[in-house]
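So the chains spell out like this:
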Amino acid sequence: MVNQSVLAGAGRHGGSIYRQWCGDMKIVVLLKEVPDTYGDRKLDLDSGIADRAASDALTDEVDERALELAITYADSHSDTEVVVVTMAPASAAVSMRKALAIGGTSVVHVADDRLAGADTGLTAEVLSAAVARAGYDLIIAGNVSTDGYGGVVPAMMAERLGIPQATNLEAVQIYPDHVEGKRATETGLYTVSAPLPALISVTEKLPEVRFAGFKGIMAAKKKPYESLSLDDLGVVVDDETAARSIVVAVAERPARTAGVIVVDEGTAGEQLADFLIQNRLV
Amino acid sequence: MSQNPILVFVETTPDGTVAKSAAGLLGAAAAIGEPTALIVTAPGLSAAAASAVAQLGAMRVLTVEDLRLTDTFIAPLVDALAAAFENVEPDAVLLSNSVDGRDLAARFAVRAGLALAVDAVALSRDEEGVVASHSVYGGAYNVDSAVTSGAFVVTVRQGAIDARAEAQEPVVESLTVAPSNTPAATITDFEPLISNATRPDLRGAAKVVSGGRGLQSAEKFVLVEELADSLGAAVGASRAAVDAGYVPQSYQVGQTGVSVSPQLYIALGISGAIQHRAGMQTAKTIVAINKDADAPIFQIADFGIVGDVFSVVPQLISSLESRKA
Ligand SMILES: Cc1cc2nc3c(=O)[nH]c(=O)nc-3n(C[C@H](O)[C@H](O)[C@H](O)COP(=O)(O)OP(=O)(O)OC[C@H]3O[C@@H](n4cnc5c(N)ncnc54)[C@H](O)[C@@H]3O)c2cc1C
Ligand SMILES: Nc1ncnc2c1ncn2[C@@H]1O[C@H](COP(=O)(O)O)[C@@H](O)[C@H]1O
């Protein structure tokens with residue numbers, strides 16, 4: 001696999017012919033570090049940006065499932081490279097090393113203070129530049145992140161890169177020249193297929209990530225880890241003319257408090273019926 | 001030319017039926033400008049959809065019929081939306097925050113060079129333009145967002161908007177679209193979701209009854225459905241109940257499932273993990289039944305019962321039945 005530095009229509013041009021005499025496959029997995037959903041997550045009330053100090057940070061669970069999918073493919077196709085790409089503060093290196101221990105081949109980590117509070121458009125721009133630079137046949141993302149709750153960065157990247165996308169897949173089959181999957185929407189279940197290079201995103205229906213063994217943790221220390229700044233990627237953030245989405249107000253909702261608790265001694269069902277009727281809820 | 005046009009992308013199913021989200025989107029659009037709707041269907045299906053959309057408040061309806069729709073994923077929709085955007089020159093473009101709506105919004109925003117905000121629960125205007133309001137971190141924060149320049153592309157949470165627009169006389173124009181020929185995925189099969197016609201949709205329902213792992217099996221989960229039907233409520237579930245196969249994924253309430261804000265939420269055999277609470281804690285009234293007095297769901301319940309769902313719920317149902325009679 002050769003590195004590619006062209007952004008427009010990146011990926012491997014005329015890939016399927018090339019692939020006939022070159023069996024390798026380069027899979028990029030997009031891992032996002034998010035505040036642990038098991039803790040109380042905080043927003044900075046001035047900026048509206050996540051308060052990173054308030055919670056533990058970890059790789060989003062659904063992105064780990066994306067990584068597991070890539071590694072499972074690599075298990076049975078030895079010529080596969082699994083490149084982990086992230087845009088996150090430098091502190092996310094701990095989470096990314098874990099991805100290497102689990103089986104990733106290398107990491108490309110875009111860290112730049114100017115990216116704090118980046119909107120989805122800028123995030124997609126930066127990640128697109130990073131994956132185009134790394135080169136790829138298949139990009140795998142999570143469907144929706146648990147902090148941004150956006151679910152748009154992958155499709156934005158596909159548009160930028162000029163490649164097909166198949167998002168929200170709850171089952172995936174990767175082939176040397178195409179990818180197939182089951183895409184669940186509110187209206188039904190689609191079966192979709194895309195020629196490579198392509199981008200897919202997966203749901204939490206996919207298998208959980210495996211554990212990193214001792215051997216993996218040792219091996220991770222020697223794996224390539226590339227840190228990039230915006231200048232390395234040639235992405236400009238302070239472009240005054242760019243349309244960005246910005247936070248204009250943030251307010252914290254008062255926490256809920258507990259109400260009446262009864263221990264059932266044989267009549268709790270009746271008491272609940274009373275409660276619902278008194279409060280005009282039935 | 002209309003004043004402050006707002007472009008609404010209305011989703012349709014492959015057979016041309018207008019999605020339920022259309023009414024709320026047009027309601028939201030009417031509050032901030034003059035709604036123009038875009039519908040994209042397979043050939044021959046747009047006329048019926050267009051009049052349905054006018055009924056829901058679209059002052060103008062642009063239609064595109066595209067043969068590619070049946071087998072080409074998302075690309076025909078992006079092409080159509082880009083063409084409609086040029087035609088309408090709106091202040092904002094509203095789409096449903098559905099799986100398809102998000103994909104389309106994302107691709108379109110990049111193609112048109114516009115800023116995007118997702119999962120809005122309300123829209124308004126200030127002196128500078130359109131403002132989208134969001135409920136963040138499971139309703140713990142309210143955040144307003146706006147754009148630095150250009151039209152705002154916004155996906156709107158399904159079921160979040162109660163406002164409805166006034167019905168309009170259909171003003172329908174068919175729009176010509178030049179296909180962009182961007183590489184696209186192919187749709188090879190589609191199985192429509194059979195929705196329970198007698199039960200309300202989870203999204204936007206006034207009452208929701210949800211069941212968790214405490215229900216023990218798919219067979220016993222029927223108890224949740226019985227209570228829901230006696231209250232006229234929608235049925236939801238925890239992720240553990242979905243993972244255990246009691247109900248399909250589309251029932252999941254929470255962080256990675258559906259977010260609901262009903263008048264009444266009843267949690268049966270659900271511990272109330274933080275990720276579940278993230279999808280329901282903005283409900284007006286919360287009721288919980290759980291046999292563990294320490295279950296976190298009780299911290300946010302207005303009425304909590306420490307007890308066994310298999311004895312409390314049947315008693316509740318029969319008590320409600322007898323008082324109805
Ligand atoms: C990234 C991430 C995202 C997640 N997203 C979601 C999400 O969207 N939605 C979601 O729900 N979860 C989500 N979870 C999972 C969440 O952490 C919990 O595991 C899940 O909500 C537990 O479901 P439960 O309450 O049904 O099961 P349990 O925690 O097992 O609770 C079952 C409860 O039933 C009670 N019970 C048992 N028998 C009875 C009986 N006979 N009568 C009364 N009570 C009984 C028990 O006391 C117990 O409290 C997510 C987790 C992660 C990490
Ligand atoms: N900063 C990021 N770094 C790496 N991957 C990301 C980043 N933001 C989003 N993604 C990927 O895009 C998916 C959807 O993210 P979002 O659109 O933010 O909900 C995530 O699950 C990740 O796979």
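Now for a quick tour of the structure. (Residues numbered from 1 in each chain as written. Chains lettered and ligands numbered in written order. Predicted model: local features only at pLDDT ≥ 70, side-chain atom pairs only at ≥ 80, totals over all residues. Heavy atoms only, no water.)

Some remarks on the side chain of S145 of chain B
Heads up, the rule is: Labels follow the DSSP assignment, with helices taken as runs of H or I lasting at least four residues and strands as runs of E lasting at least two, numbered in each case from the N terminus. Under this definition, polar contacts are N or O atom pairs within 3.5 Å; protein pairs additionally need one hydrogen-donor-capable and one acceptor-capable atom, and for neighbouring residues in sequence, both atoms have to be side-chain atoms. Residue contacts are counted whenever heavy atoms from the two residues lie within 4.5 Å of one another.
Among the structural elements, S145 of chain B can be located in strand β7 (residues 141-147). Polar contacts involving the side chain of S145 of chain B include one to the side chain of H134 of chain B, which spans 2.8 Å. In this structure, S145 of chain B is in contact with S245, I246, V247 and V248 of chain A together with A117, V130, V131, A132, H134 and F152 of chain B, ignoring residues within four places of it in sequence.

Remarks on the sheet that holds strand β12 (residues 234-237) of chain B
To keep things clear, this is the line we draw: Pairing between strands requires that DSSP locate at least two bridges from one strand to the other. Angles here are taken between N-to-C directions and fall from 0 to 180 degrees, while the axes themselves are lines fitted to C-alpha atoms, restricted in helices to the stretch in contact.
The six strands are arranged β13(A)-β15(B)-β14(B)-β13(B)-β11(B)-β12(B) in an open sheet whose pairing can be described as parallel. Strands with a single pairing partner mark the edges of an open sheet, and in this sheet they are β13 (260-263) of chain A together with β12 of chain B. Each adjacent strand pair in this sheet contributes to an overall mean axis angle of 15°, direction not counted. Judged from the five bridges that link them, strand β13 (residues 264-268) of chain B and strand β14 (residues 285-290) of chain B form a sheet pairing that is parallel. Directly across from L268 of chain B, in β14 of chain B, lies its bridge partner I289 of chain B. Packed onto the sheet, helix α8 (residues 309-324) of chain B meets β13, β14 and β15 (303-306) of chain B and runs at close to 130° relative to β14 of chain B.

So, the sheet that holds strand β4 (residues 92-96) of chain B
Judged by pairing direction, the sheet is mixed, and its 10 strands sit side by side in the order β12(A)-β7(B)-β6(B)-β5(B)-β8(B)-β4(B)-β1(B)-β2(B)-β3(B)-β9(B) without closing on themselves. The sheet terminates laterally at β12 (245-252) of chain A together with β9 (172-174) of chain B, the two strands that pair on one side only. Across this sheet, the average inter-strand angle for adjacent strands is 35°, counted without regard to direction. With three bridges connecting them, strand β3 (residues 60-65) of chain B and β9 of chain B associate as parallel partners. Across the sheet, the residue bridging to V61 of chain B is V172 of chain B, located in β9 of chain B.

Some thoughts on the site of ligand 1
Using the following cut-off: One heavy atom within 4 Å of a molecule or strand makes the whole residue count as near it. In these tables, accessible area is a Shrake-Rupley quantity obtained with a 1.4 Å probe, and a residue counts as shielded only by the protein chains included in the view. Lys, Arg, Asp and Glu make up the charged group, whereas Ala, Val, Leu, Ile, Met, Phe, Trp, Tyr, Cys and Pro make up the nonpolar group; the residues left over, Gly among them, are polar.
Taken together, 28 residues form the shell around ligand 1, and within it R213, S238, S271, Q275 and N290 of chain B come nearest. Around ligand 1, the nearby residues trace back to chains A and B. Take R213 of chain B: an N or O atom from its main chain is 2.8 Å from an oxygen atom of ligand 1. At 2.7 Å from an oxygen atom of ligand 1 is found a side-chain nitrogen or oxygen belonging to N290 of chain B. Starting from 980 Å² of accessible surface for ligand 1 in isolation, the protein chains cover 86%. Within the residue set of the shell around ligand 1, elements represented by two or more residues are α6 (239-243), α7 (274-277) and α8 of chain B. The class makeup of the residues in the shell around ligand 1 is seven nonpolar, 15 polar and six charged.

By themselves, these figures tell us nothing about what the structure is for.
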